[in-house]
Amino acid sequence: MIIQLKADCTDKQKAAIISKVQAFGYKVNEVTTFERHYLVCVGKADFDIRAIGNLRGVQDVHRVEDANMLVSHQWRVHPTVIRLDDGVEIGRNNLSIIAGPCSIESEEQVQITLDFLQRQHIKLMRGGVFKPRSSPYSFRGLGIEGLKFFSRMARERGIKVVTEVMQVSQIEQMYDYVDVFQVGARNAQNFNLLDELGLVDKPVLLKRGLSTTLEEFLASAEYIFCNGNERIILCERGIRTFEKSYRNTLDLNAVPVLKHKTHLPVIVDPSHGIGIRRFVEPMALAAVMAGADGILVEIHHEPELAYSDGDQTLNFQEAEHLFRKLRTAYALVAQ
């Protein structure tokens, strides 16, 4: 059960609500986000919820059967829309395209990419400065100095920065230069990191772990929400299976299922999902037809020379062709 408190609920009223709920045998957890104040109540007793809804200080009360209550569609029936500055939105009635290189390599590369994204009317650029790599000898990013020039150049053009944070200690130093914090697949169940991102008043793009179920994925989102941050974007990016013909198995089943289970926006990363450049376009289009709210795709002006993930990265001509098709496909779905 979720109880949403009124903005002017007094401490005395809250105490009376908690006492009433506890009398029904429920454990009460207080959750205060940057937007609202909730009581998340866990228990099994059956009672008329009007006994709670009629109490002073209560805005609304909902029965929620899902284990991950705050991210559940059962109580928030209208999809969440993530709003950034300059009219940029991720969520309902809008196809978001987030594009950029796997790794930020140089100021020249960022300049070339930003110019291309501006021509394509794309407002969100991805780019890693801290890179988790399978081999310790691979390029691991330019770090905070790379993020600084990436952020400065992007903001001069009104383009939002999406980049990965890998550990708790990086959050504070990255904060001023990031518009959306990305949590990679390897950190999808790093609960210390998720807890801390719940304390941040910036959106979090949460990628599904390599082997996480959808319930485990939603539990990770719940960690962020219950610590105070409601602005969460879920990203399906492929899971590890026995198949070796491509990098991962892009689970497009997850898109409609997640849209049914949660009110959070759901986007898809076909670049990591399949890991082969020629197949990124059909999988991206399939994701839109499955109901995705957005696409996260890797692009580079010279993929063959990219420092990382060149095999799955589109060149600008391929990317322009994809963006045109994505918008056409979304227009069909939105009818």
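Please read all numbers here as calculations on a predicted model, not as lab measurements.

Chemist: Would you explain the environment of G209 in this entry?
Modeler: Locating G209 in the fold gives a position in the loop between strand 11 (204–207) and helix 7 (214–226). In this structure the C-alpha to C-alpha distance between G209 and R186, which are 23 residues apart in sequence, comes to 6.0 Å. The residues contacting G209, other than those within four sequence positions of it, are A185, A188, G238 and I239.

Chemist: Just to check I follow, could you spell out unusual backbone geometry for this structure?
Modeler: The bulk of non-glycine residues show a negative phi, and the bulk of peptide bonds are trans. Phi is positive for D86, close to 60°, though the residue is something other than glycine. Looking at where D86 falls in the secondary structure, it is placed in the loop between strand 5 (82–83) and strand 6 (89–90).

Chemist: Explain the sheet that holds strand 1 (residues 2–5) to me, please; I cannot follow it from the model alone.
Modeler: What holds strands together in a sheet is hydrogen bonding between their backbones, with the strands either parallel or antiparallel. One open sheet accounts for four strands, arranged 2-3-1-4; its pairing is antiparallel. Each edge of the open sheet is held by one strand with a lone partner, namely strand 2 (27–32) and strand 4 (58–62). Strand after strand, the sheet turns through a mean of 20° between neighbouring axes, direction not considered. Across three bridges, the pairing between strand 1 and strand 3 (residues 37–42) is antiparallel. Residue Q4 lies in a different strand from strand 3, and its bridge partner there is Y38.

Chemist: Just to check I follow, could you spell out the packing of helix 3 (residues 107–119) against helix 11 (residues 316–333) for this structure?
Modeler: Pairs of packed helices are described in terms of their axes, by the angle between the two and the distance that separates them. Where helix 3 meets helix 11, the closest approach of the two axes is 11 Å, and the angle between their N-to-C directions is 25°. Considering their axes alone, helix 3 and helix 11 lie roughly parallel with respect to each other. Like other packed secondary-structure pairs, helix 3 and helix 11 cross with a definite hand, here right-handed. Here I112, T113 and F116 of helix 3 come into contact with helix 11, specifically with F316, A319, E320 and F323. Of the residues that constitute the contact of helix 3 with helix 11, the class distribution is five nonpolar, one polar and one charged.

Chemist: Teacher, can you tell me more about the nonpolar core here?
Modeler: As a rule of thumb, nonpolar side chains are buried together in soluble globular proteins. Ranked by size, the top nonpolar core spans 75 residues in total, and within it L197, L234, V297, I299, F323 and L326 carry the most contacts. Of the residues forming this core, the biggest block, seven residues, is contributed by helix 11. With residues near it in sequence (within four places) discarded, L197 still touches V165, I171, F181, V183, V204, I224 and N229. Among the nonpolar cores identified, the runner-up in size contains 15 residues, and I3, I18, I52 and V61 belong to it.

Chemist: What is the right way to read the pairing of strand 7 (residues 96–100) from this model?
Modeler: On a regular strand, one side chain projects to one face of the sheet and the next to the other, so that they alternate. For strand 7, the tally of buried residues reaches five of five residues, placing the bulk of the element in the interior. Going residue by residue along strand 7, you find S96, I98 and G100 tucked away on one face and I97 and A99 tucked away on the opposite face as well. Pairing of strand 7 with strand 14 (residues 294–298) involves five bridges; the strand directions are parallel. Note on strand 14: the bridge partner recorded for I97 is I295. In this structure, strand 7 lies alongside strand 8 (residues 124–126), joined through two bridges in parallel fashion. Following the sheet pairing, I98 is matched in strand 8 by L124. For the segment spanning strand 7, helix 3 and strand 8, crossover handedness is right-handed.

Chemist: In this structure, what is going on with the packing of aromatic side chains? I would like to understand it.
Modeler: Two aromatic rings are characterised by how far apart their centres lie and by the angle between their planes. This model, assessed by the stated rule, comprises seven aromatic pairs. Summarising the aromatic geometry, the rings of F24 and F47 are spaced 4.0 Å apart at their centres and angled 5° between planes, so their arrangement reads as stacked. With F24 in the loop between helix 1 (11–23) and strand 2 and F47 in the loop between strand 3 and helix 2 (50–53), the pair connects residues that are 23 residues apart, well separated along the chain. Judged by relative accessible area, which is 27%, F24 ranks as partly exposed. Residue class for F47 comes out buried when judged on its relative accessible area of 10%.

Parameters at a glance
- Residues numbered from 1 in each chain as written.
- Predicted model: local features only at pLDDT ≥ 70, side-chain atom pairs only at ≥ 80, totals over all residues.
- Heavy atoms only, no water.
- Helix = DSSP H or I, 4+ residues; strand = E, 2+ residues; numbered from the N terminus.
- Contact = heavy atoms within 4.5 Å.
- Pairing = 2+ DSSP bridges.
- Axes fitted to C-alpha atoms, helices over the stretch in contact; angles between N-to-C directions.
- Parallel < 35°, antiparallel > 145°, perpendicular 65-115°, else oblique.
- Left-handed = near helix turned anticlockwise from the far one by under 90°.
- Nonpolar A, V, L, I, M, F, W, Y, C, P; charged D, E, K, R; others polar.
- Core = buried A, V, L, I, M, F, W, Y, C linked by side-chain atoms within 4.5 Å.
- Buried < 20%, exposed > 50% of the residue type's maximum accessible area, 1.4 Å probe, protein only.
- Right-handed = clockwise from strand over helix to strand, strands pointing away.
- Phe/Tyr/Trp six-rings, centres within 6.5 Å; stacked < 30°, edge-to-face > 60°.

Such coordinate-based values are descriptive only and should not be taken to indicate function.
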